[in-house]
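Given next are the chains, with one letter for each unit.
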Amino acid sequence: AQSVSQHNHHVILSEAASLELGCNYSYGGTVNLFWYVQYPGQHLQLLLKYFSGDPLVKGIKGFEAEFIKSKFSFNLRKPSVQWSDTAEYFCAVNSRNYGQNFVFGPGTRLSVLP
Amino acid sequence: GAGVSQSPRYKVAKRGQDVALRCDPISGHVSLFWYQQALGQGPEFLTYFQNEAQLDKSGLPSDRFFAERPEGSVSTLKIQRTQQEDSAVYLCASSPRPTGLGPSPLHFGNGTRLTVT
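Only a predicted model underlies this, so the values are computations on that prediction, with no experimental measurement involved.

A. Layout of the interface of chain B and chain A. Contacts between the two partners involve 21 residues from chain B and, on the opposite side, 19 residues from chain A. For the pair chain B and chain A, the two sides together bury roughly 1700 Å², of which 60% comes from carbon and sulfur. Counting across the interface, chain B meets chain A through 0 salt bridges. Linking chain B to chain A there are 4 residue pairs in polar contact (both at pLDDT 80 or more).

B. Representation of the layout of surface pockets in the model. What the largest pocket holds in volume is close to 620 Å³. As for the largest pocket, its lining consists of 29 residues, and the residues nearest its centre are Gln38 of chain A together with Gln37, Leu39, Val89 and Arg113 of chain B. Of all elements in the fold, only β10 (87-94) of chain A together with β9 (88-95) and β11 (112-116) of chain B reach the threshold of two or more residues within the lining of the largest pocket. For the lining of the largest pocket, the residue count by class is 12 nonpolar, 13 polar and 4 charged. Looking at the second largest pocket, it is lined by 15 residues, and the ones nearest its centre are Asn101, Phe102 and Val103 of chain A together with Glu44 and Phe45 of chain B. Of all the secondary structure elements, the ones that give two or more residues to the lining of the second largest pocket are β11 (102-104) of chain A together with β4 (31-37) and β5 (44-50) of chain B. Here the element with the most residues in the lining of the second largest pocket is β11 of chain A; it accounts for 3 residues. The residue inventory of the lining of the second largest pocket, partitioned by class, reads 8 nonpolar, 5 polar and 2 charged.

C. Looking closely at the sheet that holds strand β1 (residues 5-7) of chain B. Residue and element names in this part refer to chain B. The strand order β1-β3-β8-β7 describes an open sheet built from 4 strands, whose pairing is antiparallel. This sheet does not close on itself; its edge strands, each paired only once, are β1 and β7 (65-68). Going across the sheet, the axis of each strand differs from the next one's by a mean of 15°, ignoring polarity. In terms of strand pairing, β7 meets strand β8 (residues 75-79) through 4 bridges, oriented antiparallel. The residue of β8 that forms the bridge with phenylalanine 66 is lysine 78.

How each quantity is defined
Residues numbered from 1 in each chain as written. Chains lettered and ligands numbered in written order. Predicted model: local features only at pLDDT ≥ 70, side-chain atom pairs only at ≥ 80, totals over all residues. Heavy atoms only, no water. Contact = heavy atoms within 4.5 Å. Buried area = accessible area lost by both parts, 1.4 Å probe. Salt bridge = Lys/Arg side-chain N within 4 Å of Asp/Glu carboxyl O. Polar contact = N/O pair within 3.5 Å; in protein donor to acceptor, adjacent residues only side chain to side chain. 1 Å grid on protein atoms, 1.4 Å probe; cavity = no way out; pocket = protein on both sides within 12 Å on 5 of 7 lines; lining within 4 Å. Points joined across faces, edges and corners; volume = space filled by probe spheres on them. Helix = DSSP H or I, 4+ residues; strand = E, 2+ residues; numbered from the N terminus. Nonpolar A, V, L, I, M, F, W, Y, C, P; charged D, E, K, R; others polar. Pairing = 2+ DSSP bridges. Axes fitted to C-alpha atoms, helices over the stretch in contact; angles between N-to-C directions.

Structure (structure tokens):
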């Protein structure tokens, strides 16, 4: 079955540290890739998306992600995290070849210490 | 409204009761999804509507779960004879286009937290 994995369950960083959250998927063929963020008490919000073109995509709040097709990966990065980045981060994949739904990873909780 | 609206925000049901969860998608959005999110997990797909047509219900965990979107806008997820394992957050998401017509991100509601006692 198609699946999405996220390498880290819980990441703890100090402010100004660099962030990289891993995401791997098991789909073949053409995929659409997303990172969503869920701040405490809020709904899931889109951080960034990749559909085609430049594999390095930039999202909101200084986040970026790189699609590496050969590694089936779509890792999320931010050069310098802030306390306000504390949240749960979900990677998601959608592929026309595998039906209508979006498959989400289990999430990574990021805690940024002030 | 500007976003996806779900009601109620919280629902407590006794085991065996039926519940109905409502989703108001963004106006004009064609695609509507229901997801189930257990504590500490990512959202798990339940079902997908394109307008009023339920095109995929492969994620519904049992025949106690039923979803409808009769006029292609508001959707209701119904769970009959609730069990403790149904306790979760139920998320609704909408998207402006049919998924088969090109990629488009999902817009999520705040969810309904269901607790079955």
